[in-house]
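Below, each chain spelled out in residue letters.
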Amino acid sequence: MTSPQPAELAPKIVKPIRIVMFVQAVLGLVAAVFVLLLMLSDDSAFEGGNTVIGVFMVLSIVAAAALLFCAIMLPSRQPWIRVTVIVIEAITTIDGLVTLVFAMNPLAALRVVFGVLVIQALLRQDVRAWFAEPQTRLH
């Protein structure tokens, strides 16, 4: 059993996972904004299936922004941050798998790997215990 750790003694996995979250969020924001701008610059962008793509790009921007916010707030150790990140990463991983299988996009494998790494890290016993310590949590 692990003993409580002060905020400055976070499990070693927290820092690299936070960096991965920052990278995912920034890349997600840049890619989604780029595709959205390309669509907006085309006169026929919102015909047919492109409307669906536009909606998914907006949702991608929201998810990336939420992930960025969670990465910034991670040291506060609020329990909702861990749950939110796990949900976002699960959706990202499933979307990456679907994209990998049906669109044959090899870059989707990176989303799957990052998603699995973050989820696995946040489900570790020491990380769960670190998030669960209310006496040393930042408010």
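Reading the values: the criteria
- Residues numbered from 1 in each chain as written.
- Predicted model: local features only at pLDDT ≥ 70, side-chain atom pairs only at ≥ 80, totals over all residues.
- Heavy atoms only, no water.
- Salt bridge = Lys/Arg side-chain N within 4 Å of Asp/Glu carboxyl O.
- Helix = DSSP H or I, 4+ residues; strand = E, 2+ residues; numbered from the N terminus.
- Buried < 20%, exposed > 50% of the residue type's maximum accessible area, 1.4 Å probe, protein only.
- Phe/Tyr/Trp six-rings, centres within 6.5 Å; stacked < 30°, edge-to-face > 60°.

Caption draft 1: Here's a closer look at the pattern of salt bridges. Inspection of every chain in the model, using the stated rule, returns three salt bridges. The residue Asp95 makes a salt bridge to Arg111 at a minimum N-O spacing of 2.0 Å. Residue Asp95 is located in helix α3 (residues 79–103), and its partner Arg111 is located in helix α4 (residues 108–122); the two are separated by 16 residues in the primary sequence. A relative accessible area of 38% means that Asp95 is categorised as partly exposed.

Caption draft 2: Local environment of the environment of Phe131. Looking at the element boundaries, Phe131 is found in helix α5 (residues 125–132). Phe131 sits in the buried class, given a relative accessible area of 3%.

Caption draft 3: How the structure looks around the packing of aromatic side chains. Counted by the stated rule, this structure contains two aromatic pairs. On the basis of an interplanar angle of 20° and a centroid distance of 6.1 Å, the ring pair of Phe69 and Trp80 is categorised as stacked. Taken together, the residues span a long stretch of sequence, with Phe69 in helix α2 (residues 50–73) and Trp80 in helix α3 at a distance of eleven residues. Accessibility expressed as a relative area gives 42% for Phe69, which makes it partly exposed. Assessed through its relative accessible area of 40%, Trp80 is described here as partly exposed. With centroids separated by 5.2 Å and ring planes inclined at 80°, the aromatic side chains of Trp130 and Phe131 adopt a geometry described as edge-to-face. By the burial criterion, Trp130 is buried, and Phe131 matches it.

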